[in-house]
Amino acid sequence: MSKKEKLLIIVESPSKTKTIAKYVDNASVIASIGHFKDLPKKEMGIEIENDFAMKIESMPDKKKFLTQLKKEVKLADRILIATDPDREGEAIAADIASEIKGDIERVEFTEITKKAVLDAVQNSREINYDLVDAQRARRAIDRIVGFTFSPVLWRTLRSLKNKGLSAGRVQSVALKLLVDREKLRNKFIENKFYSIEAHLTEEKSSDIFKASLIKYDGVLVAKSDDFGKFEIGLKKDNVIQVDKSLADKIKKECEANNWSVDNIESKPTSSSPAPPFTTSTLQQDASRRFGFSPKRTMVVAQKLYEQGCITYMRTDSTNLSNEALRATKEFISKNFKEDFLSEKTNIYKNKVANSQEAHEAIRPAGTKFKSVSEVKKIGLDEAKLYELILNRTVASQMKPAQYIRTNVEISNGKSLFKASGNVTVFKGYTAAYEQALTRKDKIASDSLPKIDNRSKILCNNVTSDEKSTSPPRRFSEAMLVKEMEARGIGRPSTYSSILDKLVKKEYVIKKSKTLIPTFVGIAVTQLLENHYLALFNEKFTAGMEQQLDAISRSESTYLDVLEEFYNGGKNYAGVAKLLEEEIDI
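All figures in this text were calculated on a predicted structure; none of them were measured in a lab. (Residues numbered from 1 in each chain as written. Predicted model: local features only at pLDDT ≥ 70, side-chain atom pairs only at ≥ 80, totals over all residues. Heavy atoms only, no water.)

Caption draft 1: Just the sheet that holds strand β2 (residues 27–31), in detail. The four strands are arranged β2-β1-β7-β8 in an open sheet whose pairing can be described as parallel. This sheet does not close on itself; its edge strands, each paired only once, are β2 and β8 (105–106). Across five bridges, the pairing between strand β1 (residues 7–11) and β2 is parallel. Residue pairing in the sheet places Val11 in a bridge with Ala31 of β2. Along the sheet, helix α2 (residues 63–75) contacts β1, β2 and β7 (78–81); its crossing angle with β2, the most-contacted strand, is approximately 165°. (Pairing = 2+ DSSP bridges. Helix = DSSP H or I, 4+ residues; strand = E, 2+ residues; numbered from the N terminus. Contact = heavy atoms within 4.5 Å. Axes fitted to C-alpha atoms, helices over the stretch in contact; angles between N-to-C directions.)

Below, the structure is given as structure tokens:
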């Protein structure tokens, strides 16, 4: 790169401009601030009879950017479009290119560090118009759905007096998941039962340990899972339901009889680290740990990315680059003993439907990871999320944690109790985040006193507790994100805006972290389910994601996908025919 060569670098976010300008000599860096072209607001903007041509026009509030762009282009020897490395970024790049006469180059910054930026500047490519077509197809399909089915809702459900009714392609399927769960909850029938727990000590030890009743008179004692969700009584015959009278009887028998150790079983067990974060798993963990909404998580992650702290935060890949692996291993060697590092690279297979492996997982940026204290200067939320990402990345390349799991069966008359304990043999990956383990990561740390078959067991007391079976849980934001990802509904980058829209449209209310469908949400779902289920169902929605992916891989075309979507195919009637159906208001 010549010293005299004047560069123009165009990014999406203005907060990146100063940092990138600092890294690249003789460069002017400007920001489009997201999309600056889109379909018109007041009309569909899709010419169905003209091969679904899109009427894409400049947004009125982005004139300032266009003026600045044209001015800077005249001064530049080399024009680099560095919009975000995803389909939306590629579409913005194509729109920018359409405004420029002359050669342009496309570059990708997957992290905003000096090395990454300079490497990208030296390794430009052409705009990938397959990715652009995939984005355009999604936009066109969503616009057709919005402009054709939303008016049906306005006419049919006008008595609800909700002016914001809309039928989003992915949004409506996400809402259906919530409504279907509510229907199951309405069918739920509660069952009551008793659990019994003994508080015991070993004669030579002062430590109290707990044991739970597992059998009575040789028959297994019923737990919550042994009851059906939608009927009274047990699902099978070979278990016994403990009611109050039997619970009182068992407690009296325990007071009268001696306790003896029947069986002791100890075996090694292990717990393996979770893969590095994807967009959705980061949203889920931030919700569990900090109560962050998906939207808040993405806002904080965006800031971390723009400040050069983490790699690009919209990804469904669990891969780590060679650079990341070297930095992770160096971090482990420096902060833990050598034997904590996994002997071979831990590689994780993505189990997500329609996953794309193009990007890395979300991880700390650079060849040397920033400390949490450095990130605290940006903000407390940023530091918390960064620590979560750092710990998860580091843990992913550490050895499993090793435990000895001990189960002891203790009898008293007809009653058989079980106590369990866990002893850590090797901390392994848990050392990376001992203070912030998830419930899933944690294995019960309660250790038992030293017990053998000759041990004398003393009882402090026996308690009984009435329990009720629980209805199917309502979705939290984190649970819904996980469910949508597993079913291939939408893309991880869209989950935050979908959940946000469901609340804004008053289709759901958010109580604590729980999403509860409203009457309006239920009515919209019922109408779409009764008349347009062929379009608004998870199988069709997941299949559409696969078709969009096929466009991005050059295996299908914009026109092919739009034609089938609108006019139908072998197993699908098409939008045109669905709209012909008469609805009895």
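From this point on, the discussion continues.
Caption draft 2: How the structure looks around helix α3 (residues 87–98). The first and last C-alpha atoms of α3 sit 17 Å apart over 12 residues, in line with the 16 Å expected at 1.5 Å per residue. Burial analysis of α3 places 10 of its 12 residues in the buried class, the great majority of the element. Within α3 the residues assigned to the buried category are Arg87, Gly89, Glu90, Ala91, Ile92, Ala93, Ala94, Asp95, Ile96 and Ala97. (Expected span 1.5 Å × (residues − 1). Buried < 20%, exposed > 50% of the residue type's maximum accessible area, 1.4 Å probe, protein only.)

Caption draft 3: Layout of a negative patch on the surface. Together, Asp51, Asp560, Glu563 and Glu564 give the surface a local cluster of negative charge. Relative to the assigned elements, Glu563 resides in helix α17 (residues 558–567). (Patch = residues over 30% accessible without salt bridge, like charges linked within 9 Å, V, L, I, M, F, W, Y side chains within 5 Å. Areas by Shrake-Rupley, 256 points an atom, 1.4 Å probe, with all protein chains shown as cover. Salt bridge = Lys/Arg side-chain N within 4 Å of Asp/Glu carboxyl O. Lys, Arg positive; Asp, Glu negative; His and termini not counted. Charge placed at Lys NZ, Arg CZ, Asp CG, Glu CD.)

Caption draft 4: Main features of the pattern of salt bridges. Per the counting criterion, the structure on display carries 42 salt bridges. As a salt-bridge pair, Glu99 and Lys37 come within 2.8 Å of each other at their nearest N and O atoms. With Glu99 in the loop between α3 and β8 and Lys37 in strand β3 (residues 37–38), this residue pair connects regions lying 62 residues apart in the sequence. Among the ionic pairs, Arg106 bridges to Glu90, the shortest N-O distance being 2.9 Å. Taken together, the residues Arg106 in strand β8 and Glu90 in helix α3 connect sequence positions 16 residues apart.

Caption draft 5: Geometry of the nonpolar core. The biggest cluster of nonpolar side chains holds 57 residues, and the ones touching the most others in it are Leu535 and Phe565. Of all the secondary structure elements, the ones that give two or more residues to this core are α5 (129–156), α6 (169–187), α13 (477–487), α14 (492–504), α15 (519–531), α16 (538–552), α17 and α18 (575–578). For this core, the element with the highest residue contribution is α5, accounting for nine residues. When sequence neighbours within four positions are dropped, the list of residues in contact with Leu535 reads Val145, Phe149, Phe540, Thr541, Phe565, Tyr572, Val575 and Leu578. (Core = buried A, V, L, I, M, F, W, Y, C linked by side-chain atoms within 4.5 Å.)

Caption draft 6: Local environment of the packing of helix α8 (residues 279–290) against α13. Contact pair α8 / α13: the axes reach a minimum separation of 8 Å and the direction vectors enclose 160°. Between α8 and α13, the interaxial angle falls into the category roughly antiparallel. Both α8 and α13 take part in a crossing whose hand is left-handed. Here α8 contributes Ser280, Gln283, Gln284 and Ser287 to the contact with α13, which in turn contributes Ala478, Val481, Lys482 and Glu485. Along the lines of polarity and charge, the residues of the contact of α8 with α13 split into two nonpolar, four polar and two charged. (Parallel < 35°, antiparallel > 145°, perpendicular 65-115°, else oblique. Left-handed = near helix turned anticlockwise from the far one by under 90°. Nonpolar A, V, L, I, M, F, W, Y, C, P; charged D, E, K, R; others polar.)

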